[in-house]
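# A look at the structure
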Amino acid sequence: MDDTPGRLIRAPENFLDAAGVRRVFDEGKQGRRDFIRRAFAAAGAAAAGGAARAAANPVGPEGGDPNILELPEHSRGLGQGVAAEGYGKPSRYESNVQRRHSPGLTQTRQASVSFAPLQSLFGIVTPSGLHFERHHQGWWDVDPSKHRLMLNGSDERMLRRPMVFTMDELMRLPSVSRFHFIECGANTGMEWGNVAVPTCQYSHGMLSCSEFTGVPLKVLLELAGADLKRGRYVLAEGADGSSMTRTIPMEMVERGEVLVAYGQNGEMLRPEQGYPLRLVVPGVQGVSWVKYLRRIEVGDQPYATKDEAVHYIDLMPDGRHRQYTSIQECKSVVTTPSGGQVLLDNGYYNISGLAWSGRGKVKRVDVSVDGGRSWRTARLETPVLSKCLTRFNLDWVWDGKPALIQSRATDETGYVQPTYRELRAVRGSRSIYHNNSVQTWLVQESGEVKNVQLS
Ligand SMILES: Nc1nc2c(c(=O)[nH]1)N[C@H]1C(S)=C(S)[C@@H](COP(=O)(O)O)O[C@H]1N2
Ligand SMILES: [Mo]
């Protein structure tokens, strides 16, 4: 199976509730309206965010008399004790925040994808339990005591000492920890055909970001006596039944960026993410981040495996296929407000979103609320890291009229995220992969936000 999305994507019946997308603005509707009115009366129509924020009083969304703070049961009674042992879970009030699979997109759950709820996340790190999943042949909870990593060469000149590591042996070696995004090459793939999916979870949610811990592959190759002058390519192979194999150019390994990783956000990788070992290839599309990593081979030519010769290729306008596309180009998306959310009333909103580039750091993000006619530069929140998600925010006072919200990121190479018109001029519209176009959300007068495409 490849990542081919269905021509049509069907939303589940109870979509709005199930996706939890109304949550942000729809709760405590009346109280919230009062709150917003009071808090931002002073802000007027000016988009002066600083003033708007300063005017916010500490009265909660429930409103009421600002001089009286009720004492609920939890302020008077005895709370719950610590568990004797256990793994913490999110509040039951957050149960709508889930990764979701798109009904009808794929025919089996084993060769499928689940999307991360970007609209409900803050900052840049994806909680491990909400990391998107993409499996070609199902996931496994592999016994780490039995797992092995083999290093070999395509012949003995490429690598002098073939080696097999246990997990214990790997974990004795010097490790590094780095924050990086992973994006499936098929992310936003549905949008090529102008089929707008309803939320940013489905349009952009094959994207996650974690702190990964592991051993630079370069260190392992040096231990095994690889000839980096001769062996200009590496083949990575997974232990699941999907025969996931990808060629990685040796330049990436030499930079010390490619990791043989076992850690994710401070703990071992989740099984869905390739426990106990996966390759981390910063900036490169997800398919090269081979999970259940069991073998690395050094060779002097690209391997032309199925997942690079016939899948994960780009159909260009001249009818030819582009192979070995790997870098995820600069891209961004506004996650709030975004498709499926509802703005309650005119007034202040924080426009928030994510930007990333497979070529380095995000340098700047511009945001438009009029479909690209005018732009304002958003605040980039720290940290701004290379090949990592960057959070941006911008103050906005909504006047209640239809608005077309967009973000456009620029990375440190100077590359600017394209519009659909610009992207299609080069790529045509028969692609599946590598869609990094500017995304547009239409805020309707009713406050409902819709996914639209501007031609
Ligand atoms: N062994 C193995 N590795 C794999 C895959 C797989 O199916 N098997 N899927 C690839 C694809 S296409 C993507 S996008 C990422 C998804 O990683 P995630 O499931 O941790 O989000 O893993 C890649 N590595
Ligand atoms: Mo993927």
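Scroll up to find the structure this text is about.
Residues numbered from 1 in each chain as written. Chains lettered and ligands numbered in written order. Predicted model: local features only at pLDDT ≥ 70, side-chain atom pairs only at ≥ 80, totals over all residues. Heavy atoms only, no water.

On a plain count of helices and strands, the protein chain comes out with eleven helices and 24 strands. By residue count, 52% of the 455 residues in the protein chain fall in the buried class. When contacts within the protein chain are restricted to residue pairs at least 6 apart in sequence, those whose partners lie at least 24 apart make up 72%. As displayed, the protein chain has an accessible area near 21000 Å², and 52% of this comes from carbon and sulfur atoms. (Helix = DSSP H or I, 4+ residues; strand = E, 2+ residues; numbered from the N terminus. Buried < 20%, exposed > 50% of the residue type's maximum accessible area, 1.4 Å probe, protein only. Contact = heavy atoms within 4.5 Å. Areas by Shrake-Rupley, 256 points an atom, 1.4 Å probe, with all protein chains shown as cover.)

With that out of the way, let us pick up the site of ligand 1. Lining the immediate surroundings of ligand 1 are 21 residues, of which F132, H136, D240, R278 and K291 lie closest. The side chain of S242 places a nitrogen or oxygen atom 3.5 Å from a nitrogen atom of ligand 1. Take W289: an N or O atom from its main chain is 3.1 Å from a nitrogen atom of ligand 1. A total of 530 Å² of accessible area belongs to ligand 1 in isolation, and the protein chains cover 100% of it. Tallying contributions element by element places strand 3 (residues 133–135) first for the shell around ligand 1, with three residues. Of the residues belonging to the shell around ligand 1, the class tally is nine nonpolar, six polar and six charged. (Near = heavy atom within 4 Å. Polar contact = N/O pair within 3.5 Å; in protein donor to acceptor, adjacent residues only side chain to side chain. Nonpolar A, V, L, I, M, F, W, Y, C, P; charged D, E, K, R; others polar.)

Counted by the stated rule, this structure contains 24 salt bridges. Across the pair K387 and E257 runs a salt bridge, and its minimum N-O distance is 3.0 Å. Taken together, the positions of K387 in the loop between strand 20 (379–380) and strand 21 (390–398) and E257 in the loop between helix 9 (250–254) and strand 10 (259–264) put the pair 130 residues apart, joining distant regions of the chain. Shared partners join several salt bridges into a network, and the residues in it are E237, R294, R295 and E297. (Salt bridge = Lys/Arg side-chain N within 4 Å of Asp/Glu carboxyl O.)

For H131, the position within the fold is in the loop between strand 2 (112–115) and strand 3. For H131, a relative accessible area of 1% translates into the label buried. Between the C-alpha atoms of H131 and E272, which are 141 residues apart in sequence, the distance is 8.7 Å. Dropping the residues within four chain positions of it, H131 is found in contact with R99, T126, I182, S208, S210, Q264 and Q273. A polar contact is formed between the side chain of H131 and the side chain of Q273, at a distance of 3.0 Å.

Taken in spatial order, the five strands line up as 5-4-13-8-9 in an open sheet, and their pairing is mixed. Since the sheet does not close on itself, it has two edges, and those belong to strand 5 (163–166) and strand 9 (245–249), each with one partner. On average, each strand axis in the sheet is tilted by 20° relative to the strand beside it, whichever way the strands run. Alignment of strand 4 (residues 148–153) against strand 13 (residues 293–299), held across four bridges, turns out to be parallel. The residue bridging L151 from the neighbouring strand is I296, located in strand 13. (Pairing = 2+ DSSP bridges. Axes fitted to C-alpha atoms, helices over the stretch in contact; angles between N-to-C directions.)

By the criterion of burial, strand 10 is predominantly enclosed, with six of the six residues buried. Two elements, strand 7 (residues 207–216) and strand 10, share five bridges in a ladder whose sense is antiparallel. Note on strand 10: the bridge partner recorded for V215 is V260. In this sheet, strand 12 (residues 278–280) lies alongside strand 10 in antiparallel orientation, the contact comprising three bridges. Bridging across to strand 12, L259 finds its partner in V280. Two elements, strand 10 and strand 11 (residues 267–268), share two bridges in a ladder whose sense is antiparallel. Pairing of Q264 across the sheet is with E267, part of strand 11.

This brings us to the nonpolar core. Counting 87 residues, the largest nonpolar core has L149, L217, L221, L279 and I296 as the members making the most contacts within it. For this core, the leading source of residues is strand 17 (residues 347–356), giving five residues. Counting contributing residues, this core receives three or more from each of domain 2 (106–322) and domain 3 (331–452). Non-local contacts of L221, meaning those with residues more than four positions away in its chain, are made with L151, L159, A226, L228, V234, M250, V253, I296 and V298. (Core = buried A, V, L, I, M, F, W, Y, C linked by side-chain atoms within 4.5 Å. Domains from an automatic or database assignment.)

Of the residues making up helix 11 (residues 420–427), those classed as buried are Y420, L423 and R427. All buried residues of helix 11 project into a common sector of 70° when viewed along the axis, lining one side. Away from its buried face, by an angle of more than 90 degrees, helix 11 presents the exposed residues R421, A425 and V426. (Arc of directions from axis to C-beta.)

Now for the side chain of S431. Note on placement: S431 falls in the loop between helix 11 and strand 23 (440–443). Judged by its relative accessible area of 6%, S431 falls in the buried class. Separated by 3.5 Å, the side chain of S431 and the backbone oxygen of L315 make a polar contact. There is a polar contact of 3.0 Å between the side chain of S431 and the side chain of R427. Apart from residues lying up to four places away in sequence, S431 is in contact with W192, D314 and L315.

This part is about the packing of aromatic side chains. According to the stated counting rule, one finds six aromatic pairs in the structure shown. Between Y349 and W396 the ring centres are 6.4 Å apart and the planes differ by 45°, which places this aromatic pair in the tilted class. Linking Y349 in strand 17 with W396 in strand 21, this pair joins segments that are 47 residues apart in sequence. On the accessibility criterion, Y349 (3% relative accessible area) is buried. We classify W396 as buried; its relative accessible area is 6%. Among the aromatic residues, ring-to-ring pairing joins Y349, W396 and W398 into one connected group. The lysine or arginine in question, R408, covers the ring of W375, its NZ or CZ lying 4.1 Å from the ring centre. (Phe/Tyr/Trp six-rings, centres within 6.5 Å; stacked < 30°, edge-to-face > 60°. Lys NZ or Arg CZ within 6 Å of the ring centre and 35° of its normal.)

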